Amino acid sequence: MNPTLTRIPIGLDAPFRALHLSDNHLSLADSRDDERKNRLAQRRQREFDSAGKGVMLHITEQLAYAKENRLPILHTGDLIDFVSHKNLETAETLFKDIDYFMAVGNHEFSLYVGEAFEDEAYKMQSYDFVQKHFRNDLTFASREMSGINFVAVDNSYYRFTVIQLEKLKKEAEKGLPIVLMLHCPLHTDELYHLIMDDLHFPCAYLTGTPEPLLKPYDDYRYRQQKPDGATLKFIEYVYACPSIKAILGGHMHENAESILPSGVMQYITGGGYKGYAREIEFC
Ligand SMILES: [Fe+2]
């Protein structure tokens, strides 16, 4: 395993190291799930195995590396590709002896991948079943490690809520430096153009993309990724909050770093299923 090494200066007295993983997309099913899900598992395993090295081999190596080097894992979602007994059970077993903290991804609540418009009602169909397999609250959670307040917020459907903003404000009152963990990166023009112009995707899959830049999206992606009022207020607060020192994200399946207009850096770690991992030294 060959992690990307990143140093994030946030004014700590002593350095703190962790392994940032994202988007492993475990794609497993067994007889407890229906035939449709088992067919989906086979298809998705083939898709995520395009590099010829299995998804399971990568995650096994990543977790072994974390253990050997005593690194807690900061995971930014899509650990599983879809909701299945086997996926959730495997995730729980793999992380049994691992210290981890997680921000949830859109695929954690995906029942059959791309079969429905993903909104709160869709998420709620599997929420309780998924949540019970993970240690931290998947909607909003905070955890202090070595003087850093890691705050994981669910923006897996490109939106934040009023309640998440209230909770984030309470976290800022604690006075510690905050590292925000999100699945979907926040919009920057740089990321938008990288995804649309260089990688040639039909939309940028970012949270908070301004209206004029959503024009080329089809109707589905426009409705999905257009930020609502609560989302824009949350982002405005992130820009203004001096405690927020860095953002960790995933969802893109490629490594990227992009600075927000407020000067805060976003570190996006690529797909774990391709072997991406980022070893971070906060200092
Ligand atoms: Fe993903």
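Placed above this text is the structure.
Here the structure is a predicted model, which means the values were calculated and not measured.

A. Focus on the sheet that holds strand S10 (residues 265-268). In spatial order, the strands read S5-S6-S7-S8-S10-S9; together these six strands make up an open sheet with mixed pairing. A single partner strand is all that each edge strand has here, and the edge strands are strand S5 (140-145) and strand S9 (256-259). Direction aside, neighbouring strands of the sheet carry axes that sit 20° apart on average. Examined bridge by bridge, S9 and S10 share four bridges and lie antiparallel to one another. In the sheet register, serine 258 faces S10, and the bridge partner there is glutamine 266. In the packing of helix H6 (residues 162-172) onto the sheet, contacts are made with S5, strand S6 (148-153), strand S7 (178-181) and strand S8 (244-249), and the angle to S5 comes to roughly 15°. Contacting S9 and S10, helix H7 (residues 189-198) runs over the sheet at an angle of about 145° to S9.

B. Representation of the environment of lysine 37 within the structure. With respect to the helices and strands, the residue lysine 37 is situated in helix H1 (residues 35-48). The exposure class assigned to lysine 37 is buried, which follows from its relative accessible area of 6%. Considered as a pair, lysine 37 and valine 113 are 76 residues apart in the sequence and their alpha carbons are 9.7 Å apart. Sequence-distant contacts of lysine 37, defined by excluding residues within four places in its chain, comprise Ala29, Phe82, Val83, Ser84, Leu111 and Tyr112.

C. Spatial organisation of the coordination of the iron ion. In this structure, Asp23 (OD), His25 (NE2), Asp78 (OD) and His253 (NE2) serve as the protein donors to the iron ion, at separations of 2.0 to 2.3 Å. For the iron ion, the four donor atoms in the first shell make angles of 90 to 175° at the metal, a pattern classed as irregular. In the primary structure, the donors to the iron ion are separated according to the pattern D-x1-H-x52-D-x174-H. Placement of the pair is aspartate 78 in the loop between strand S3 (73-75) and helix H3 (85-94) and histidine 253 in the loop between S8 and S9, with a sequence separation of 175 residues. In this structure aspartate 78 comes out as buried when scored by relative accessible area, which is 1%.

D. Main features of the sheet that holds S3. Pairing is mixed in the open sheet, where five strands are placed in the order S1-S11-S2-S3-S4. In this open sheet, the two strands that pair with only one neighbour each are strand S1 (4-8) and strand S4 (100-102). When strand polarity is set aside, the average angle formed by the axes of neighbouring strands in this sheet is 25°. Pairing analysis gives five bridges linking S1 to strand S11 (residues 278-282), with the strands arranged parallel. Residue pairing across strands places isoleucine 8 opposite phenylalanine 282, the latter belonging to S11. Against the sheet, helix H2 (residues 55-68) engages strand S2 (16-21), S3 and S11, with an angle of about 175° to S2.

E. Structural context of the packing of aromatic side chains. This model, assessed by the stated rule, comprises nine aromatic pairs. Above the ring of tyrosine 112, the side-chain terminus of arginine 36 is found at 3.8 Å from the ring centroid. A cation over a ring is seen here: lysine 37 above tyrosine 112, with NZ or CZ 4.5 Å from the ring centre.

F. Looking closely at unusual backbone geometry. Phi is positive for valine 113, which is not a glycine, with a value near 65°. Inspection of the secondary structure puts valine 113 in the loop between S4 and helix H4 (120-124). Even without glycine at this site, tyrosine 205 takes up a positive phi of about 55°. Position of tyrosine 205 among the secondary structure elements: in the loop between H7 and helix H8 (219-225). A relative accessible area of 21% places tyrosine 205 in the partly exposed class.

G. Local environment of the pattern of salt bridges. With the rule as written, the count across this model stands at 17 salt bridges. As a salt-bridge pair, glutamate 35 and arginine 39 come within 3.1 Å of each other at their nearest N and O atoms. Placement of the pair is glutamate 35 and arginine 39 together in helix H1, with a separation of four residues, close to one helical turn. For glutamate 35, a relative accessible area of 60% puts it in the exposed group. With its nearest N and O atoms 3.3 Å apart, the salt bridge here joins lysine 123 to glutamate 120. Residue lysine 123 and its partner glutamate 120 are located together in helix H4, separated by three residues, close to a single helical turn.

Each value, and the rule that gives it
- Residues numbered from 1 in each chain as written.
- Predicted model: local features only at pLDDT ≥ 70, side-chain atom pairs only at ≥ 80, totals over all residues.
- Heavy atoms only, no water.
- Pairing = 2+ DSSP bridges.
- Helix = DSSP H or I, 4+ residues; strand = E, 2+ residues; numbered from the N terminus.
- Axes fitted to C-alpha atoms, helices over the stretch in contact; angles between N-to-C directions.
- Contact = heavy atoms within 4.5 Å.
- Buried < 20%, exposed > 50% of the residue type's maximum accessible area, 1.4 Å probe, protein only.
- Donors = N, O, S within 2.8 Å, 3.2 Å for Na, K, Ca; no water.
- Tetrahedral: all angles 85-135°; square planar, octahedral: opposite > 155°, others 65-115°.
- Phe/Tyr/Trp six-rings, centres within 6.5 Å; stacked < 30°, edge-to-face > 60°.
- Lys NZ or Arg CZ within 6 Å of the ring centre and 35° of its normal.
- Salt bridge = Lys/Arg side-chain N within 4 Å of Asp/Glu carboxyl O.

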